[in-house]
Amino acid sequence: MTTPDKTILLVEDEIFIAMAEEQMLRNNSYEVISVMNGEDAVSCVRNNPGINLVLMDIDLGKGIDGTEAARRILTEHTVPIVFLTSHSEREMVERVRGITRYGYVIKNSGEFVLLSSIEMAIELFGAHQNIENSIQNDIDHRNTEDRLGSSEPAVRALLDASPDTVLLIDIHGTTLALNSKAAERLHMSVDDVIGKNQFDLLPRDIAASRKKYLDTALQTGKTVNIADERDGMYLESTIYPIRDDDSGKITRVAIYSRDVTEIRTSHEHIRMLADLVDIAPASITVHDSEGNFIYANQKTLELHGYTREEFLKLHLQELDAPESAVLMKPRIQELIEKGELSFEVVHLRKDGTPIPMQVLNKLTTIAGKPAILSVGIDLTEKKRLENEFHELHSILKETQKISGTGGWVYDAGTGKMTWTDEVYEIYGVGDDFDPNNISADLSFYPPEWRTVIEEAFNDALHRGIPYDLEIELIRGNGEVIWVRTIGRPVMENGKIIRVQGNLVNIDQRKKNEEEIRRLLKEKELILRETHHRIKNNMGVIMSMLYLQATATENEQVTAALNDAHGRIQSMMLIYEKLYKSSDFSNISSREYLNDLIEGIGSTVPEIFNVTIKMNIEDHTLDSKILFPLGVIINELVTNSLKYAFPDNHEGEIDISFTLHSGTTFELKVGDNGVGFTVSDRKTTNSGFGLDVVNRLVAQIKGTITRDDTNGAIYRIVFPIPEDV
């Protein structure tokens with residue numbers, strides 16, 4: 001299969017899989033950029049706009065996984081993403097369902113399937129882009145066909161008759177029509193204003209404000225009200241969006257403005273007094289004897305959920321709940337007789353929610369006419385607290401039943417013990433059992449636990465020492481169960497006034513824990529057997545490589561087979577340690593690396609005059625770190641044994657592994673051999689072995705340097721893993 005040159009970002013954390021996929025893609029004319037984690041993938045797409053496709057593994061180890069990396073990439077860039085994974089489970093497919101993607105390929109599906117998926121994704125992405133561009137061009141090509149070019153005489157006369165200013169503009173602010181009042185306010189004629197942009201005619205600050213309100217109306221499609229001051233006048237304006245009958249889109253906007261200066265001045269004094277009433281924490285209203293509202297303060301509006309305009313249109317009977325509404329007239333009559341009246345009533349919020357209230361009514365006079373002043377206090381919280389105690393009891397009872405947890409209290413002053421219902425249930429006795437008989441209580445515990453619980457309770461009661469015990473209990477029917485009993489002393493003024501606690505039925509938990517221990521032990525045996533079998537299989541592979549190496553006369557083939565033998569040996573040693581270890585993830589660095597290095601010499605038996613010195617510090621590391629270190633040491637030591645000491649020269653190989661400043665590890669592998677010639681230096685960074693070393697160093701987030709001053713010394717520095 002041949003494809004045009006494209007750049008693919010490969011995101012794969014398994015180094016050997018990544019190497020194989022890179023080679024396959026390059027063999028099929030793709031440019032490849034490779035990273036090993038999700039964070040680097042996001043950064044790479046951000047810094048490389050030429051990437052044509054992302055080939056993303058889902059499980060990327062520590063850090064963000066492939067799905068999260070894809071989401072972050074797609075928030076900034078439009079690029080096709082093909083997910084590549086070894087998992088075919090439904091839950092893994094569901095993880096990528098909500099992400100814009102162009103493929104989901106199972107690893108090892110074959111080169112043809114993967115390449116076909118990539119090519120299809122690139123073509124599909126291109127088709128989507130073409131469709132989007134076509135739609136946008138079509139939208140841009142359309143123009144609004146009809147605008148109001150002039151006003152007919154009847155419309156103009158109607159507009160001029162209004163005392164308010166009236167404007168009709170398009171969505172960009174161009175004036176389509178206006179009345180004489182609007183032109184007069186702009187100090188221009190009607191004809192001079194038509195066709196001009198309103199935002200060019202208004203002062204800059206007012207134009208910016210009006211533009212903001214216009215944008216809001218256009219975005220929401222809703223009417224917007226404005227109140228502002230201009231040239232000593234107070235104006236109230238309303239913006240009305242107008243939709244086209246055919247398309248339904250907003251194409252024009254009508255703006256009405258009214259001068260309310262005189263009204264505002266006359267109301268300022270009233271407003272000042274109303275503001276004082278508005279800050280009151282109680283609901284204050286005024287209504288006539290028929291129940292028509294004259295005034296309501298802010299608290300009333302907030303409490304009932306109405307605007308002021310809505311509330312003042314209500315009748316008192318509409319505000320009262322039905323059971324209260326029927327009492328309105330008798331109460332008004334009683335108020336007229338007494339002059340003052342207090343009672344409880346239930347009002348209804350706008351959404352129908354009832355509000356219990358305490359109301360004080362008083363006769364008064366407003367503008368020479370009789371009126372009724374009402375001050376109401378919301379009783380919702382009080383009623384809630386009154387009901388809460390009853391509700392809590394039922395909730396507590398149900399909770400204890402579900403969780404198998406009972407509560408108890410012992411009063412140190414009276415010596416009275418109180419149980420909740422669930423304690424009776426755990427003991428397996430009826431509610432006629434008297435918990436105040438401590439001796440009878442203790443009889444429910446086996447003899448070996450009786451002294452334990454008695455001493456713990458007495459220590460809590462007399463010495464203030466809390467306790468938390470898991471013990472056995474014999475229920476009323478003879479059944480033996482495990483319970484958790486907790487006791488806490490409560491002190492007041494330095495004196496223990498009571499001991500309270502919980503009794504929890506944990507019998508099922510105990511059984512579950514025992515089952516879990518059994519399963520863990522079984523899993524441990526299976527895992528040990530798995531490691532053992534893998535180690536044995538690797539031993540078979542090593543033996544086959546050895547036999548193949550001794551059976552061929554081709555030195556290059558023999559050397560390659562011996563190299564593979566050494567690499568497998570480093571991996572097999574990991575499984576040997578895992579098999580013998582009680583911890584299947586963490587291994588001693590000294591134990592593993594020492595054994596590994598001692599075994600490397602056996603692959604080059606003709607070397608007798610080389611001394612290997614080791615300084616390996618002991619640290620417990622995850623096998624995911626030690627495995628790359630083992631392969632790196634195998635490659636570097638094998639190279640020294642092969643090339644640094646020709647003709648059986650004597651020499652030394654020094655290997656050290658140390659921790660620096662508690663933040664970084666350093667692995668040093670060096671020899672005092674013949675070193676590198678000038679021509680060697682040009683080729684020593686190439687080759688499969690050193691390519692593997694460089695990639696493994698990158699995998700553990702390290703750096704590698706080489707010193708050729710005396711022989712060859714490699715230094716590898718990498719950060720201390722988080723779990724060390």
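What you see is a predicted model; the values in this text were computed from it and never measured. (Residues numbered from 1 in each chain as written. Predicted model: local features only at pLDDT ≥ 70, side-chain atom pairs only at ≥ 80, totals over all residues. Heavy atoms only, no water.)

Outline the pairing of strand E6 (residues 165-170), listing residues and values.
E6 sits mainly inside the fold: six of its six residues count as buried. Alternating positions in E6 separate into two faces, Thr 165, Leu 167 and Ile 169 on one and Val 166, Leu 168 and Asp 170 on the other, with burial throughout. The pairing of E6 with strand E7 (residues 175-178) spans three bridges and is antiparallel. Along E7, the bridge assignment pairs Leu 167 with Leu 178. In this structure, the hairpin formed by E6 and E7 is closed by a connection of four residues, where Gly 173 is found at a positive phi of approximately 105 degrees. (Buried < 20%, exposed > 50% of the residue type's maximum accessible area, 1.4 Å probe, protein only. Helix = DSSP H or I, 4+ residues; strand = E, 2+ residues; numbered from the N terminus. Pairing = 2+ DSSP bridges.)

Just give me the short version of the nonpolar core, but keep the residues and values in it.
Counting residues in hydrophobic clusters, the biggest one holds 37 residues, and the most contacted among them are Leu 629, Ile 632, Ile 633, Ile 655, Phe 657, Leu 667 and Phe 718. Of all the secondary structure elements, the ones that give two or more residues to this core are helix H1 (15-27), helix H23 (589-600), strand E22 (610-616), helix H24 (623-644), strand E24 (651-660), strand E25 (664-671), helix H26 (688-699) and strand E27 (712-719). Setting aside chain neighbours within four positions, we find Phe 657 in contact with Ser 589, Leu 593, Asn 615, Ile 616, Glu 617, His 619, Leu 621, Leu 629, Phe 665, Glu 666, Leu 667 and Phe 718. With 24 residues, the next largest nonpolar core counts Val 423, Leu 461, Ile 471 and Val 483 among its residues. (Core = buried A, V, L, I, M, F, W, Y, C linked by side-chain atoms within 4.5 Å. Contact = heavy atoms within 4.5 Å.)

Mind laying out the packing of aromatic side chains, listing which residues take part and the relevant values?
Summed over the entire model, instances satisfying the criterion amount to 15 aromatic pairs. With centroids separated by 6.4 Å and ring planes inclined at 90 degrees, the aromatic side chains of Tyr 427 and Tyr 445 adopt a geometry described as edge-to-face. With Tyr 427 in helix H18 (residues 421-427) and Tyr 445 in the loop between helix H19 (438-442) and helix H20 (447-463), this residue pair connects regions lying 18 residues apart in the sequence. Look at Tyr 445 and you get buried, because its relative accessible area is 4%. For the ring pair Trp 449 and Trp 482, a centre distance of 6.1 Å and an interplane angle of 75 degrees mean the geometry is edge-to-face. Taken together, the residues span a long stretch of sequence, with Trp 449 in helix H20 and Trp 482 in strand E19 (residues 480-492) at a distance of 33 residues. When its relative accessible area of 24% is taken as the criterion, Trp 482 is described as partly exposed. Counting every residue linked through ring pairs, the aromatic cluster contains Trp 419, Tyr 424, Tyr 427, Phe 433, Phe 444 and Tyr 445. (Phe/Tyr/Trp six-rings, centres within 6.5 Å; stacked < 30°, edge-to-face > 60°.)

Mind laying out the pattern of salt bridges, listing which residues take part and the relevant values?
Using the criterion set out here, one finds 27 salt bridges in the structure. The salt bridge involving Arg 695 is made with Asp 691; its shortest N-O contact spans 3.5 Å. Here Asp 691 and Arg 695 lie together in helix H26, a separation of four residues that amounts to about one turn. Overall, the relative accessible area of 23% leaves Arg 695 in the partly exposed class. Bridged by salt links that share partners, the residues Glu 22, Arg 26, Asp 691 and Arg 695 form one connected network. (Salt bridge = Lys/Arg side-chain N within 4 Å of Asp/Glu carboxyl O.)

Account for the sheet that holds strand E8 (residues 224-230), naming residues and giving values.
Pairing is antiparallel across the open sheet formed by five strands, whose spatial order is E7-E6-E10-E9-E8. Pairing within the sheet leaves two strands with one partner each, and these edge strands are E7 and E8. Taking the axes of each pair of neighbouring strands and ignoring which way they run, one obtains an average angle of 20 degrees across the sheet. One ladder, built from nine bridges, connects strand E9 (residues 233-243) with strand E10 (residues 250-259); its direction is antiparallel. Looking at E10, one finds that Tyr 240 is bridged to Ala 254. Docked against the sheet, helix H10 (residues 204-220) engages E6, E8, E9 and E10, running at close to 175 degrees with respect to E8. (Axes fitted to C-alpha atoms, helices over the stretch in contact; angles between N-to-C directions.)

Go over the environment of Ala 182, please, and point to the residues and values.
Checked against the element boundaries, Ala 182 lands in helix H7 (residues 180-185). Ala 182 sits 16 residues away from Val 166 along the chain, and the two C-alpha atoms are 6.0 Å apart.

For unusual backbone geometry, give the residues involved together with the corresponding values.
Despite not being glycine, His 187 shows a phi value in the positive range, around 60 degrees. Along the chain, the position of His 187 falls in the loop between H7 and helix H8 (190-193). Using a relative accessible area of 73% as the deciding quantity, one classes His 187 as exposed. At Asp 647, a position not held by glycine, the phi torsion is positive, near 60 degrees. Summarising the element assignment, Asp 647 is placed in the loop between H24 and E24.

Tell me about the sheet that holds strand E14 (residues 354-366), and please be specific about residues and values.
Spatially, the five strands line up as an open sheet ordered E12-E11-E15-E14-E13, and their pairing is antiparallel. For this open sheet the edge positions go to strand E12 (293-296) and strand E13 (340-348), each flanked by a neighbour on one side alone. Within this sheet the neighbouring strands show an average axis-to-axis angle of 30 degrees, counted without direction. Two elements, strand E11 (residues 283-287) and E12, share three bridges in a ladder whose sense is antiparallel. Across the sheet, the residue bridging to Val 286 is Tyr 295, located in E12. Contacts between helix H16 (residues 328-338) and the sheet are confined to E13, E14 and strand E15 (369-378), with E13 contributing the most and set at about 160 degrees to the helix.

I'd like a rundown of the side chain of Thr 165, residues and numbers included.
For Thr 165, the position within the fold is in strand E6. Exposure remark for Thr 165: the relative accessible area of 7% places this residue in the buried category. The contacts of Thr 165, once residues within four sequence positions are left out, are Asn 179, Lys 181, Ala 182, Arg 185, Ile 255, Tyr 256 and Ser 257.

Lay out the packing of helix H2 (residues 38-47) against helix H3 (residues 66-76) with the relevant residues and their values.
Contact geometry for H2 and H3: axes closest at 9 Å, N-to-C directions at 15 degrees. Viewed along their axes, H2 and H3 adopt a mutual orientation that is roughly parallel. Pair H2 / H3 crosses with right-handed handedness. For the pair formed by H2 and H3, the contact residues are Gly 38, Ala 41, Val 42, Val 45 and Arg 46 on the first element and Ala 69, Arg 72, Ile 73 and Glu 76 on the second. Classifying every residue of the contact of H2 with H3 by side-chain character gives five nonpolar, one polar and three charged. (Parallel < 35°, antiparallel > 145°, perpendicular 65-115°, else oblique. Left-handed = near helix turned anticlockwise from the far one by under 90°. Nonpolar A, V, L, I, M, F, W, Y, C, P; charged D, E, K, R; others polar.)

Talk me through H26; I want residue IDs and the actual numbers.
Residue pairs three or four apart in sequence face the same way in an α-helix, which turns once every 3.6 residues. Between the first and last C-alpha of H26 there are 16 Å, a value that for twelve residues agrees with the 16 Å anticipated at 1.5 Å per step. Among the residues making up H26, those that are buried are Gly 689, Leu 690, Val 692, Val 693, Leu 696 and Val 697. All buried residues of H26 project into a common sector of 155 degrees when viewed along the axis, lining one side. (Expected span 1.5 Å × (residues − 1). Arc of directions from axis to C-beta.)

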